[in-house]
Protein chains: 2
Amino acid sequence: MEFGLRAIGIIRSPFIEAPGTPIQPAFARGAEGQVIVDEPFAPALDDLEGFERVLVYWMDRAAAFKPRVVPYRDTRERGLFATPSPCRPNPIGMSAVRLVRREGRVLQIAEVDVLDGTPLLDLKPYVPEFDAFPRSKAGWFETCGVDRTVADRRFH
Amino acid sequence: MEFGLRAIGIIRSPFIEAPGTPIQPAFARGAEGQVIVDEPFAPALDDLEGFERVLVYWMDRAAAFKPRVVPYRDTRERGLFATPSPCRPNPIGMSAVRLVRREGRVLQIAEVDVLDGTPLLDLKPYVPEFDAFPRSKAGWFETCGVDRTVADRRFH
């Protein structure tokens, strides 16, 4: 079964290649960017200013799917679905970047961990009542020993 | 710009149509289901058992995109991107369902708010350190007056 997606805008960021790009918004303090939403979708941005986070995008420069990978924050291979690594069967990315303000169809964002030029697929509002699970178990993350905060070339 | 997605499995749930289906995992206590992952992707499930949540899927029965909608938990129109409503330009759904256990390429899940037969696109591990923002502002959700917990026909 196959489905078609279309870009609905583009993400601008300071990062032009994977090496050195923060691997999570938590490691992207000071990194600012923009989301430029295509004209037909601008009316759908109304009311978004009251929310703080979330972005869905197409990881257009991710490497092909690999079932097992060594994640950035571990030293051994893990099943791909147990990692946030970009080389997924469907390279859909999701980042809880910070929404700073809206200016028409342009969103100023911060804590950006996305490559410049990344195609935008969706914007979803982060609602803590439904989306925050502070005590959810985090598998191998709970014992991993690698404190890496930026990407290298392994997944691109 | 267009991209192609492929289903990598299927989601089984007790819900065969939108009316009566919980609108969030938080309202889906007692609703159990399965994720059946296609054979080629089974090795990528390793290490997932240690995590509790997350599922990405294609909302195959969502209505066409509408820029403004009355969300389930409000009485007035909001910009679509400020809501979790399914009639999005790219109907990518994301649910923090609970992972109960893995049996080969079948995952037993609970707190399921997804329609039976929904195509699976991705499995992502929920990592509280990166994904939980308990104090994130929630826009109109903070003042909305509707306590609806199940869907009706408006978005399908």
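For the structure, see preceding data.
So, here's what we can say about the structure. Note that the coordinates shown come from a computational prediction; the quantities given were computed from them, not determined experimentally. (Residues numbered from 1 in each chain as written. Chains lettered and ligands numbered in written order. Predicted model: local features only at pLDDT ≥ 70, side-chain atom pairs only at ≥ 80, totals over all residues. Heavy atoms only, no water.)

Some words on the interface of chain A and chain B
Note: interface size is frequently given as the accessible area lost on complex formation between the parts. The interface of chain A with chain B comprises 68 residues on the first partner and 68 residues on the second. Taken together, the two surfaces of chain A and chain B that pack against each other cover about 6200 Å², and 64% of this comes from carbon and sulfur. Looking only at chain A, the three residues that lose the most surface to chain B are F3, F81 and F130 of chain A, adding up to 13% of its buried area. Note that R78 of chain A and D47 of chain B form a salt bridge whose closest N and O atoms lie 3.3 Å from each other. Our enumeration of links across chain A and chain B arrives at 34 residue pairs in polar contact (both at pLDDT 80 or more). (Contact = heavy atoms within 4.5 Å. Buried area = accessible area lost by both parts, 1.4 Å probe. Salt bridge = Lys/Arg side-chain N within 4 Å of Asp/Glu carboxyl O. Polar contact = N/O pair within 3.5 Å; in protein donor to acceptor, adjacent residues only side chain to side chain.)

Regarding the sheet that holds strand β4 (residues 53-58) of chain B
Residue and element names in this part refer to chain B. Strand order in the closed barrel made by the six strands is β2-β3-β8-β7-β4-β9, with antiparallel pairing throughout. Ignoring strand direction, the axes of neighbouring strands in this sheet form an average angle of 45°. Sheet analysis places β4 next to strand β7 (residues 92-103), joined by five bridges and oriented antiparallel. Within the sheet, the bridge partner assigned to V56 lies in β7 and is M94. (Pairing = 2+ DSSP bridges. Helix = DSSP H or I, 4+ residues; strand = E, 2+ residues; numbered from the N terminus. Axes fitted to C-alpha atoms, helices over the stretch in contact; angles between N-to-C directions.)

Things to note about the pairing of strand β8 (residues 106-110) of chain B
Residue and element names in this part refer to chain B. The element β8 is extensively covered by neighbouring structure, given that four of its five residues are classed as buried. Of the pairings in the sheet, the one linking strand β3 (residues 32-37) to β8 comprises five bridges and is antiparallel in character. By the bridge assignment for β8, V35 is matched with L107. Bridge analysis of β7 against β8 gives five bridges, and the strand direction is antiparallel. Directly across from E103, in β8, lies its bridge partner V106. Where β7 hands over to β8, the hairpin turn is made up of two residues, of which G104 adopts a positive phi near 65°. (Buried < 20%, exposed > 50% of the residue type's maximum accessible area, 1.4 Å probe, protein only.)

Describing the packing of aromatic side chains
Where two aromatic rings form a pair, the distance of their centres and the angle of their planes describe that pair. Applying the stated rule across the entire model yields 16 aromatic pairs over all chains. With a centroid separation of 4.9 Å and an interplanar angle of 20°, the aromatic rings of W58 of chain A and F3 of chain B are classed as stacked. In this pair, W58 of chain A sits in strand β4 (residues 53-58) while F3 of chain B sits in strand β1 (residues 2-6), so the two residues belong to two different chains. F3 of chain B sits in the buried class, given a relative accessible area of 13%. Taking 5.8 Å as the distance between ring centres and 80° as the angle between the ring planes, the aromatic pair formed by F141 of chain A and F130 of chain B counts as edge-to-face. Placement of the pair is F141 of chain A in the segment after α1 (128-131) and F130 of chain B in helix α1 (residues 128-131), with the two residues belonging to separate chains. Each member of the pair F141 of chain A and F130 of chain B is classed as buried. (Phe/Tyr/Trp six-rings, centres within 6.5 Å; stacked < 30°, edge-to-face > 60°.)

Quick notes on the relation of the copies chain A and chain B
By a simple turn and slide, chain A fits onto chain B: the slide is 0.0 Å along the axis, the RMSD is 0.0 Å, and the turn is 180°. The two molecules are tied by a two-fold rotation axis, judged by turn and shift. Here 100% of the contact residues of chain A are again contact residues in chain B; the copies associate through an equivalent surface. (Least-squares fit on C-alpha atoms with pLDDT ≥ 70 in both.)

Considering the side chain of T118 of chain B
Residues and elements named next belong to chain B. As for its placement among the helices and strands, T118 is situated in strand β9 (residues 118-123). The class for T118 is buried, based on a relative accessible area of 3%. One polar contact links the side chain of T118 to the main-chain carbonyl oxygen of L115, over a distance of 2.6 Å. In this structure T118 touches G9, I10, I11, Y57, W58, D60 and R61, once residues within four positions along its chain are discounted.

As for the pattern of salt bridges
Close approach of charged atoms allows side chains with opposite charge to pair. This structure, assessed with the given rule, holds 38 salt bridges over all chains. With a shortest N-O distance of 3.4 Å, R12 of chain A and D116 of chain A are connected by a salt bridge. You can see R12 of chain A sitting in strand β2 (residues 9-12) and its partner D116 of chain A sitting in the loop between β8 (106-110) and β9 (118-123), a full 104 residues away along the chain. Note on R12 of chain A: relative accessible area 33%, which makes it partly exposed. A salt bridge links D60 of chain A to R61 of chain A; the nearest nitrogen and oxygen atoms lie 3.2 Å apart. Relative accessible area serves as the criterion here: at 36%, D60 of chain A is assigned to the partly exposed category. For R61 of chain A, a relative accessible area of 31% translates into the label partly exposed. In the salt-bridge network here, residues are joined through shared partners; they are D46 and R102 of chain A together with R68 and E77 of chain B.

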